[in-house]
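Observations on chain architecture
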Amino acid sequence: MSGRRHPGPATPPAAPTRRTLLLAAATAVTTGALATACGTAEGRPPGEVAVLGDSAAWEKPMAAAGAAMKTVAALRMVPEVNPSLESFEQVVKSSLRTSKTPDMLKYWSGYRLRDLARTGGIEDLTRQWDRAVAKGWVDASLREAFTYRRRVYGLPMNLAYWVFFYNPEVFREHRLKAPESWDDFLAACTRLKRSGVAPLHGTADGRWPAFIWFQEILSRQDPMFYDDLMNGRERYTDPRAERALRTLQSFFDKDWFTPMDMNHPDAAAAMLHGDIGMVPCGTWLGSTLAAAGGRPGENLAAFVLPMADPKARPSVIFESSALVATVKGPDRAEALRATRTWPHPAVMKAFSHALQDGCPNPRVAAANPVIGSLAEKVRGDKLWLLNRSPATRSSAGRCSTPSCGWPARCSCPSSPDCSSPSPPTGCASAASCSSSSCCRSRSRRRPPPCCGTSC
């Protein structure tokens, strides 16, 4: 799910180190959170239906969509926000089978949506999907990200591509253009560094962004392996994963990154002011960039990172949040009406333009020139869409039994399979597991007995 944030501690923590990011990058792609809590929900007045999400940045776009839906179907969607990721999941998963569950949810696509569908607590939306496809209101190629056992359980809300934002004015000042090859990208980083500009934004602020650089580098080097890794068919101990981490380490060695505690809003402002060369992120960062003074087509543009292996199939990472209706919500009838109307072009336009992100409805014009040019490239070049939230949970995310390897994969509290507030016996922490004597050897394909079961 896009744009999730966490409140910081009262005392500022020390800036994350290179080792922190390198260890976290290989596991952050597949981690989530699970706990238990009580949920509450109350019915809305007639003609309204509530949608619970975890991102304050989506509140205004959802309100805009609700106003458009009111015009189209005499039904208004009312956004409700729980900004804590942990608390949001607690409310959803603990209340789903009760009458206290929310009416509708802004949720993840991929395996997390499948986990929710398995509970029987969310509505089958296959008819709504088929109707939208027949009208040309949704990109049919996105279907797999929203299915469980061939049935659809969520409707796409946005279509975010993972790209590199940059300031064209700064690039022109340093005689640069958007890179068209991997060598162009490396050359741009080198020139920006020599000119006193931090070439790249890298951060572990809030923990979740640690996956970004591992994702970007690995998918550029070997998109097939990346897809297999995300879907549990490959291992993080594979030499191809290690190669991506070594490439990431070389970027650190060249001092190409910003401090690892710089968050995305600060990075967006710094990029627009010429202090950072490039910021990798999902296109959902568009609203943050606009708030910082970004003017699409003037001081704001974006490109898809070129393939490091020119022989590999050209690809791009995407993500799309899912609009979900619950079975036991207090306003179930209104929720189902809302799912039938959500893909309508008027509703989708109001939402995507307020969010400043891509739209899953091909008939809706792009929110701005940056989104428009990216959509044209993706569709025109027929780029392979790699889902950031894969269809199945990677085996590296499972922590039902003690395990460790290289890099560490023992962060059980953030695994969807783990209901315990602490890691199981044998996995004191991700850091301690990776540094333990029995797990140090990178040459081991399987950990020795003292590490528990095979990774």
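This text follows the structure it describes.
What you see is a predicted model, and the numbers here were worked out from it, not measured in a lab.

Points about the packing of aromatic side chains
Taken as a whole and judged by the stated rule, the model has 24 aromatic pairs. Relative to Phe-146, the ring of Trp-129 lies with its centre 6.0 Å away and its plane at 35 degrees, an arrangement referred to as tilted. You can see Trp-129 sitting in helix H5 (residues 126-135) and its partner Phe-146 sitting in the loop between H5 and strand E4 (147-148), a full 17 residues away along the chain. The same class applies to Trp-129 as to Phe-146, namely buried.

Observations concerning helix H4 (residues 111-118)
With respect to burial, H4 is a largely interior element, seven of its eight residues being buried. Along H4, the residues that are buried comprise Tyr-111, Arg-112, Leu-113, Arg-114, Asp-115, Leu-116 and Ala-117. Residues of H4 that are buried sit in contact with helix H3 (85-95), strand E3 (104-107), E4 and strand E12 (322-325). Phi for Gly-120, located one or two positions after H4, is positive at around 80 degrees.

Describing the packing of helix H2 (residues 59-73) against helix H13 (residues 332-341)
Each packed pair of helices is defined by two parameters, the angle between the axes and the distance between the axes. As a packed pair, H2 and H13 sit with axes 11 Å apart at the nearest point and diverge in direction by 90 degrees. Considering their axes alone, H2 and H13 lie roughly perpendicular with respect to each other. The residues of H13 that touch H2, namely those facing Met-69, Val-72 and Ala-73, are Arg-337, Ala-338 and Thr-341. Counted by class, the contact of H2 with H13 contains four nonpolar, one polar and one charged residues.

Section: the nonpolar core
Side chains of a nonpolar character, in soluble globular proteins, are inclined to be buried together. Met-77, Phe-165, Phe-185, Leu-200, Met-278 and Trp-342 are the most contacted members of the largest nonpolar core, which totals 115 residues. Sort the elements by how many residues they give to this core and strand E7 (residues 160-166) lands first, with seven residues. When sequence neighbours within four positions are dropped, the list of residues in contact with Leu-200 reads Phe-164, Phe-185, Cys-189, Trp-213, Phe-251, Trp-256, Phe-257, Thr-258, Ile-276 and Met-278.

Quick word on the packing of helix H8 (residues 211-221) against helix H9 (residues 223-230)
Remark: H8 packs on H9, axes separated minimally by 5 Å, with the N-to-C direction vectors making an angle of 125 degrees. Classified by the angle between their axes, H8 and H9 sit oblique to one another. The residues of H9 that touch H8, namely those facing Phe-214, Gln-215, Leu-218, Ser-219 and Gln-221, are Pro-223, Phe-225, Tyr-226 and Leu-229. Partitioning the contact of H8 with H9 into residue classes produces six nonpolar, three polar and no charged.

Topic: the pattern of salt bridges
Applying the stated criterion across every chain, the model contains 18 salt bridges. The residue Asp-54 makes a salt bridge to Lys-106 at a minimum N-O spacing of 3.3 Å. Residue Asp-54 is located in the loop between strand E1 (48-53) and H2, and its partner Lys-106 is located in strand E3; the two are separated by 52 residues in the primary sequence. No difference in accessibility class separates Asp-54 from Lys-106, as the two residues are buried. What you see here is one network of salt bridges that share partners, running through Asp-222, Glu-234, Asp-238 and Arg-240.

Considering the pairing of strand E9 (residues 276-282)
For E9, a buried count of seven out of seven residues is recorded, marking the element as mostly surrounded by other parts of the structure. Taken together, the five bridges between E7 and E9 define a ladder with antiparallel strand orientation. Paired with Phe-164 across the two strands is Pro-280, which belongs to E9. The pairing of strand E8 (residues 198-200) with E9 spans two bridges and is classified as parallel. Bridge pairing links Ala-198 to Ile-276 in E9.

What counts, and at which threshold
- Residues numbered from 1 in each chain as written.
- Predicted model: local features only at pLDDT ≥ 70, side-chain atom pairs only at ≥ 80, totals over all residues.
- Heavy atoms only, no water.
- Phe/Tyr/Trp six-rings, centres within 6.5 Å; stacked < 30°, edge-to-face > 60°.
- Helix = DSSP H or I, 4+ residues; strand = E, 2+ residues; numbered from the N terminus.
- Buried < 20%, exposed > 50% of the residue type's maximum accessible area, 1.4 Å probe, protein only.
- Contact = heavy atoms within 4.5 Å.
- Axes fitted to C-alpha atoms, helices over the stretch in contact; angles between N-to-C directions.
- Parallel < 35°, antiparallel > 145°, perpendicular 65-115°, else oblique.
- Nonpolar A, V, L, I, M, F, W, Y, C, P; charged D, E, K, R; others polar.
- Core = buried A, V, L, I, M, F, W, Y, C linked by side-chain atoms within 4.5 Å.
- Salt bridge = Lys/Arg side-chain N within 4 Å of Asp/Glu carboxyl O.
- Pairing = 2+ DSSP bridges.

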